Amino acid sequence: MDYDVILIGGGPVGMMLAGELALAGVKVCILERLKNTTPFSRALTVHPRTLEILDMRGIKSKLLEQGRRLPAGHFASLDTPLNFSVLDSSSNYTLFLPQSEMEKVLEQWALDLGVEIRREAEALSVHQDEEGVDVRMSGPQGEGTLRSRYVVGTDGAKSLVRKQADIPFEGHNATFMAILGDASLPGLPPMSVKSRMTEQGIVSILPIDATTYRILILDPERSAVSKDEPITIEELRSSLIRTAGSDFGLTEVKWMSRFGNATRQASRLRERRLFLAGDAAHIHFPAGGQGMNVGLQEAMNLGWKLAGAIKGWAPEWLLDSYQAERLPWSTALLKNTEAQFTLLDTSPGVMELRAILSKLLLEPEANYQMAEQVSAMNVHYAPDDSAPSHILNGKRSPELMLRLKNGRLASSYELLRTGQFLLLQLSSGVNSSDEWDGYEHLQVIEASLAAKAANWHDVHTALIRPDGHIAWAVSVSESDPAGKIRDGVVRWLGDWRSLKGGLGRAQAGIK
Ligand SMILES: Cc1cc2nc3c(=O)[nH]c(=O)nc-3n(C[C@H](O)[C@H](O)[C@H](O)COP(=O)(O)OP(=O)(O)OC[C@H]3O[C@@H](n4cnc5c(N)ncnc54)[C@H](O)[C@@H]3O)c2cc1C
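This one's a predicted model, so the numbers in the text were calculated from it and none came from an experiment.

Parameters at a glance
Residues numbered from 1 in each chain as written. Predicted model: local features only at pLDDT ≥ 70, side-chain atom pairs only at ≥ 80, totals over all residues. Heavy atoms only, no water. Pairing = 2+ DSSP bridges. Helix = DSSP H or I, 4+ residues; strand = E, 2+ residues; numbered from the N terminus. Axes fitted to C-alpha atoms, helices over the stretch in contact; angles between N-to-C directions. Core = buried A, V, L, I, M, F, W, Y, C linked by side-chain atoms within 4.5 Å. Buried < 20%, exposed > 50% of the residue type's maximum accessible area, 1.4 Å probe, protein only. Domains from an automatic or database assignment. Contact = heavy atoms within 4.5 Å. Expected span 1.5 Å × (residues − 1). Near = heavy atom within 4 Å. Polar contact = N/O pair within 3.5 Å; in protein donor to acceptor, adjacent residues only side chain to side chain. Areas by Shrake-Rupley, 256 points an atom, 1.4 Å probe, with all protein chains shown as cover.

> Any chance you could explain the sheet that holds strand 22 (residues 401–404) here in plain terms?
Sheet strands line up and pair through hydrogen bonds in the backbone, either parallel or antiparallel. The strand order across the open sheet formed by six strands is 23-22-25-24-26-27, and the pairing between neighbours is mixed. The open sheet has two edge strands, strand 23 (409–411) and strand 27 (470–475), and neither has a second partner. Between one strand axis and the next, the sheet turns through 35° on average, direction left out of account. Direction of pairing for strand 26 (residues 459–464) relative to strand 27: antiparallel, over a ladder of five bridges. Bridge assignment links Ile464 to a residue of strand 27, and that residue is Ile470.

Structure (structure tokens):
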């Protein structure tokens, strides 16, 4: 075996997943056909849940240095923005940050963790058997074959892995092509934000930095053009004049592209040793700025599970839980972007509907529901059936402020930076401390809550997964907390008695 995992595609999702795997001690390689990270940014927004998971890996602070914080998001560019500041999160805002910068930060993080990134390397085919996967590739040294135990297709919308795994990509083709341009608009005051909806089309203009604007145009006259037909500056200019009423002195065009409302989802995220994440698994109209965010959340869900399978501790069901947990959320993403696209229409009925929805969003509860959805703060997974019931089971963990036994204050997100599970004992330990000795992937913390957190008041002990979701929480009213905690740890992290030998074997490369 050359690697434990080969990731095909080194966009944001591939970089994130590679870092996750390397953090867990897995030997991982990325094959990326591009020589450098792309200077062109499709995505410009990083949403609250993504900022939370990046905080759990120490990456958020690096991004904050480079981005601009915005207190709001939007749904279908309705007049009422989504107020994210009401979200119960230490990251209750959007970070405006070009994808190119995000990719550089993630790439550096992955490299620092020891990921091997092979650039100008294109995967040509994948072939799996009982023990592993052969990846045929072409790189600077010519063609060759690499072998790994697993392959993940983080190779974007046209995913080779998805095609070779024969996974259907269900949905519909684009019915409308929109235009994107990054350029200077000297006719606008610096840092202006502009949008306009008329019968001639829809235009949004927002500043990327002091000199460059992102121009997004839905121009009915150009909506039937093929995605592959190159855009000319004259086309951009005339669409801009048609929809915005002026070209604002359009100059220094840095990038132009077409994007559409094709909406498709992989019907499975796994085919034995092959997995899919990010745009390889779903495409949609980029309304609300969610695609990359969701892909990064998928990487966070898959990384530790795949590492567990490779290291030998993962219970049988864990790897399949990636699809069970994530597919419903990508379906939800497709539905919400289809709904948003439907609202991007200037016919009288839709304009009336937009006005009604804009008014509705002024209601705090309506704002909260929509803000939770677009920011992905509503993401939760099915509760663990075998654990005693608790409202927190399967939910995302907010950042908890903890007072450790030595009196020091610590954030739960900081503790998660090791990539281990966190067994958080908020009542004095009922299990003997050497009980967890075999679990290298478990961090046991005795602490008390230094600040209140919703639904945590009765928690005796909780197991927080490496991706920041709560596997289970045991209440102080539980009659046998020690037994329930032991059972819960064994169910999620394997049985320590077999692990003591088993982990050693896996690490020695025998397994
Ligand atoms: C106009 C627009 C605006 C957007 N805005 C936002 C936003 O604000 N927020 C947001 O969250 N999302 C946004 N998105 C979506 C976002 O850009 C994508 O969801 C994101 O890039 C997906 O990341 P990925 O890593 O899955 O795939 P990609 O970024 O497509 O990366 C895939 C990589 O795989 C490589 N590759 C492909 N095939 C092979 C092969 N055979 N061998 C080797 N390498 C290969 C490619 O070169 C590429 O680098 C937007 C999209 C568009 C079109």
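Having seen it, we continue.
> Even after reading the chapter, I still don't get the nonpolar core, so can you show me in this structure?
Considering soluble globular proteins, one finds that nonpolar side chains tend to be buried as a cluster. Within the largest apolar cluster, 90 residues are counted, with the highest numbers of intra-cluster contacts made by Val5, Leu306 and Trp456. Element by element, the count of residues in this core is highest for helix 7 (residues 291–311), at nine residues. Inspection of this core shows a minimum of three residues originating in each of domain 1 (3–44 + 98–173 + 263–340) and domain 3 (401–507). If near-sequence neighbours (up to four positions away) are discounted, Val5 is found in contact with Leu21, Val26, Lys27, Val28, Cys29, Ser148, Tyr150, Val152, Leu306 and Ile310. Counting 17 residues, the second largest nonpolar core, distinct from the first, contains Leu423, Tyr439, Val474 and Leu493.

> Would you mind showing me how to read helix 4 (residues 99–112) here?
A turn of α-helix holds 3.6 residues, and therefore any two residues three or four places apart point the same way. The first and last C-alpha atoms of helix 4 sit 20 Å apart over 14 residues, in line with the 20 Å expected at 1.5 Å per residue. At its buried positions, helix 4 is contacted by helix 1 (12–23), strand 3 (45–46), helix 2 (48–55), helix 3 (60–66), strand 8 (116–119) and helix 7. Phi turns positive, to about 100°, at Gly114, one or two residues after helix 4.

> What exactly am I supposed to notice about the site of the ligand here?
What surrounds the ligand is a group of 31 residues, the closest being Glu32, Thr45, Gln99, Asp279 and Asn293. In this structure, an oxygen atom belonging to the ligand sits 2.8 Å away from a side-chain N or O atom of Asn293. Its free accessible area being 1,000 Å², the ligand has 89% of it covered by the protein chains. Every element with two or more residues in the shell around the ligand is listed here: helix 1, strand 2 (28–32), strand 9 (122–128) and helix 7. With three residues, helix 7 is the largest single contributor of residues to the shell around the ligand.

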